[in-house]
Amino acid sequence: MGKDYDAVIIGAGPGGYAAGIKCARNGLKTAVIERDKPGGTCLNYGCIPSKALLGSAEFIIKARHAHLMGLDVSFGEPNWGKIQSRKDAIVKSFTSGVEGLLRSNGAELIRDDAVAEGRGSVRLNNSGELLTCKNIILASGSEPKEIPSIPFDGEKVISSKEALSLSEIPKSLVIIGGGVIGCEMGCLYAALGCKTTIIEALPRLLPREDDWMGRLLEKEFRKINLKALTDVKVSSADTSGDLCRLNLSSGEVLESEKVLVAVGRSPVISEETAEALSLEFNGGEVVIDEKMRTSAEGVYALGDLAGKTYLAHGAYLEAEILADILAGKDGKIKDYRLVPRAVYSFPEAAGVGLSEKEAQERGIDYSVTKSGFLANGRSLAHNQTAGEVRVIKNNADGRIIGVSMVGESATEMISSARLIMGTNEKAGEVSFPHPTVSEVLKEAWMGAYGESIHLPPKR
Ligand code: NAD
């Protein structure tokens, strides 16, 4: 007979580790099982390493404009080796932090490959051990989507994972997909001096946001030598030579050293687990309700596996609420659109609540107010005047139903936008984007009620 738990969590990404810490704090006997590195995609192959690299790239852009700030400085080539080492050190400190947090809060981290054998029963493939539990939380995440005609080879055709750890800065790069990863990685490599082109199948960059945002980004990207081709598809690709050759639907032919495919992500779950639990799927995503319940009793799913936001902070929110539900408290996700969207491009872009497109589709009587960075003293002082903020108000009740922005500190300011959209909410119900400096405030706000999973429990 193996060990028995209140909660067994499969996956130690932001959703899984946050659920682990909070379940343990709530007095539940908890195990979190991870077959790769603790911290999941976000800490190891996503949010944290990409923002570390973008942090270096931002310096390059700023240094290029130093003369506009009254500084006569000369600037050499970026040292990619040092930029990579800095990023690796940041990632390492965070992943060991996750292990420490789980341990200090009393959750067990098991390094193994887990398969659910049925409700309340999880097998560890390497040790052969069988765990029994009251609740299973599936938090196994997602992986980059492949384009079947241009399969990943990890060398010339790469995903966002390899793009964060290339041995050299490529001379040329084509990015297929002008969504969040396309815009962020495009800015990174363009700033590093790589000839970078984004190809987006839809008419705008960031097509899930309002058109003005993609249009403005496209214009601003040109200033950092980042080219975007929109409304264009790859008709055929030949990656057998030294350079990849892409024939586009526009008739144009592009050649590049590497092709980064960034056309979305797909949930990851073993067939064995899905069958054993008779899970219901929508596309590749596990179907959950507002309490993260799957179709199997005592089995919950959250994060990218359930595909509600594909955002680390969306998974955090789900984890916080689910851990309370399992401890017998009331709770549910009220509105996934209130999870802010943040794009760390140059300039940044962010949104929360409804886009104007969505307000129109829902037949809402709304009005939009625009405010530009050009008229802002701090933005002028920083020489960061591109962009604007748009606030969408429901005319029927005067409530703010959406905020979108492109410009300096958009990924930070969107947290303030999130706060003006809610009333009488508890800290645990409010999502701030990850990773942002604003999270420091959120942690202290949560901490004031003894609810921050990243701070020591209040005694
Ligand atoms: P995405 O959904 O943001 O963008 C994919 C883009 O690819 C879309 O614009 C789509 O129209 C386009 N596309 C699809 N097929 C194409 C084709 N054949 N040719 C050209 N374009 C094509 O997905 P992503 O950028 O891969 O990111 C994956 C997920 O990870 C997203 O949900 C994203 O929100 C999340 N993510 C978030 C952050 C952040 O919060 N800052 C950073 C990275 C990733």
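The structure displayed is predicted, hence computed values, not measured ones. (Residues numbered from 1 in each chain as written. Predicted model: local features only at pLDDT ≥ 70, side-chain atom pairs only at ≥ 80, totals over all residues. Heavy atoms only, no water.)

## A short note on the overall build of the protein chain
Reasoning step 1: In terms of regular secondary structure, the protein chain is built from 13 helices and 24 strands.
Reasoning step 2: Over its C-alpha trace the protein chain gives a radius of gyration of 23 Å, about what one expects of a compact globule, namely 23 Å for 459 residues.
Reasoning step 3: Taking the principal axes of its C-alpha atoms as reference, the protein chain extends roughly 65 × 60 × 45 Å.
Reasoning step 4: Per-residue burial over the protein chain gives 53% buried out of 459 residues.
Reasoning step 5: Considering only contacts within the protein chain whose residues lie at least 6 apart along the sequence, 61% involve residues at least 24 apart.
Reasoning step 6: Separation of charge centres in the protein chain, based on 54 positive and 61 negative side chains, amounts to 4 Å. (Helix = DSSP H or I, 4+ residues; strand = E, 2+ residues; numbered from the N terminus. Rg over C-alpha atoms; globule rule 2.2 N^0.38 Å. Buried < 20%, exposed > 50% of the residue type's maximum accessible area, 1.4 Å probe, protein only. Contact = heavy atoms within 4.5 Å. Lys, Arg positive; Asp, Glu negative; His and termini not counted. Charge placed at Lys NZ, Arg CZ, Asp CG, Glu CD.)

## Brief notes about the nonpolar core
Reasoning step 1: Membership of the largest hydrophobic core comes to 61 residues, with the highest contact counts inside it found for Val8, Ile33, Ile136, Ile137, Leu138, Leu277 and Met292.
Reasoning step 2: If you tally residues by element for this core, the top one is helix H9 (residues 312-326), at 9 residues.
Reasoning step 3: Discounting chain neighbours no more than four positions away, the residues touching Ile137 are Val8, Ile9, Ile10, Ala19, Cys23, Tyr300, Leu302, Leu322 and Leu326.
Reasoning step 4: Formed by 41 residues, the second largest nonpolar core is a distinct cluster that contains Ile175, Cys187, Met213 and Ile224. (Core = buried A, V, L, I, M, F, W, Y, C linked by side-chain atoms within 4.5 Å.)

## Some words on the pattern of salt bridges
Reasoning step 1: The tally for this structure, following the rule as stated, stands at 22 salt bridges.
Reasoning step 2: For the salt bridge of Lys62 with Glu58, the shortest nitrogen-to-oxygen distance reads 3.3 Å. Taken together, the positions of Lys62 and Glu58, both in helix H3 (residues 47-64) and 4 residues apart, correspond to about one turn of that helix.
Reasoning step 3: We classify Lys62 as partly exposed; its relative accessible area is 44%.
Reasoning step 4: Arg123 is the partner of Glu272 in a salt bridge, and the nearest nitrogen-oxygen pair spans 3.2 Å. In this pair, Glu272 is assigned in helix H8 (residues 271-276) and Arg123 in strand S5 (residues 121-124), connecting sequence segments 149 residues apart.
Reasoning step 5: Relative accessible area serves as the criterion here: at 43%, Glu272 is assigned to the partly exposed category. (Salt bridge = Lys/Arg side-chain N within 4 Å of Asp/Glu carboxyl O.)

## Things to note about the UniProt feature "binding site: FAD" (unreviewed entry) in the protein chain
Reasoning step 1: Feature annotation in UniProt places "binding site: FAD" (unreviewed entry) on Lys51 and Asp304, given in this structure's numbering.
Reasoning step 2: Counting through the fold element by element, Lys51 comes out in helix H3.
Reasoning step 3: Taking the relative accessible area as the measure of exposure, Lys51 reaches 18% and is therefore buried.
Reasoning step 4: Once residues lying within four places of it in the same chain are set aside, the contact partners of Lys51 are Glu184, Tyr344 and Pro435.
Reasoning step 5: By secondary structure assignment, the location of Asp304 is in the loop between strand S19 (299-301) and H9. (UniProt positions renumbered as here; feature names shortened; annotations may be inferred.)

## Things to note about the domain arrangement of the protein chain
Reasoning step 1: Along its sequence, the protein chain is organised into domain 1 (4-144 + 266-336), domain 2 (157-263) and domain 3 (347-447).
Reasoning step 2: Summarising the inter-unit geometry, the C-alpha centres of domain 2 and domain 3 are found 27 Å apart.
Reasoning step 3: Across the boundary between the two partners, domain 2 contributes 11 residues, which contact 13 residues of domain 3.
Reasoning step 4: Here domain 2 meets domain 3 over a buried area of about 1,000 Å², counting both sides, of which 65% is carbon and sulfur.
Reasoning step 5: One can count 0 salt bridges joining domain 2 with domain 3.
Reasoning step 6: On the surface where domain 2 and domain 3 come into contact, there are 4 residue pairs in polar contact (both at pLDDT 80 or more). (Domains from an automatic or database assignment. Buried area = accessible area lost by both parts, 1.4 Å probe. Polar contact = N/O pair within 3.5 Å; in protein donor to acceptor, adjacent residues only side chain to side chain.)

## Things to note about the sheet that holds strand S20 (residues 341-343)
Reasoning step 1: One open sheet accounts for 5 strands, arranged S20-S21-S24-S23-S22; its pairing is antiparallel. Each edge of the sheet is formed by a strand with only one pairing partner; in this case those strands are S20 and strand S22 (366-372). Taking the axes of each pair of neighbouring strands and ignoring which way they run, one obtains an average angle of 10° across the sheet.
Reasoning step 2: With 7 bridges connecting them, S22 and strand S23 (residues 387-394) associate as antiparallel partners. What sits directly across from Ser367, in S23, is Lys393.
Reasoning step 3: Against the sheet, helix H7 (residues 211-223) touches strand S21 (349-353), S23 and strand S24 (400-407), its axis set at about 5° to S24.
Reasoning step 4: In this fold helix H12 (residues 410-420) packs onto S20, S21, S23 and S24, with an angle of close to 15° to the strand it touches most, S21. (Pairing = 2+ DSSP bridges. Axes fitted to C-alpha atoms, helices over the stretch in contact; angles between N-to-C directions.)

## Observations concerning the site of the ligand
Reasoning step 1: Neighbouring the ligand are 21 residues, the closest being Ile181, Glu200, Arg208, Gly264 and Ala342.
Reasoning step 2: Contact distances for the ligand include 2.8 Å between a nitrogen atom and a side-chain N or O atom of Glu184.
Reasoning step 3: Among the secondary structure elements, those contributing two or more residues to the shell around the ligand are helix H6 (180-191) and strand S10 (195-200).
Reasoning step 4: Residue composition of the shell around the ligand, by class: 14 nonpolar, 3 polar and 4 charged. (Near = heavy atom within 4 Å. Nonpolar A, V, L, I, M, F, W, Y, C, P; charged D, E, K, R; others polar.)

## Overview of the sheet that holds strand S12 (residues 234-238)
Reasoning step 1: The antiparallel open sheet is built from 3 strands, whose spatial order is S12-S13-S14. Whereas interior strands pair on both sides, the edge strands pair on one side only; in this sheet they are S12 and strand S14 (253-256). If you compare each strand with its neighbour and ignore which way they point, the axes differ by 20° on average.
Reasoning step 2: Pairing geometry for strand S13 (residues 244-248) and S14, over 4 bridges, is antiparallel. Residue Cys244 lies in a different strand from S14, and its bridge partner there is Ser256.

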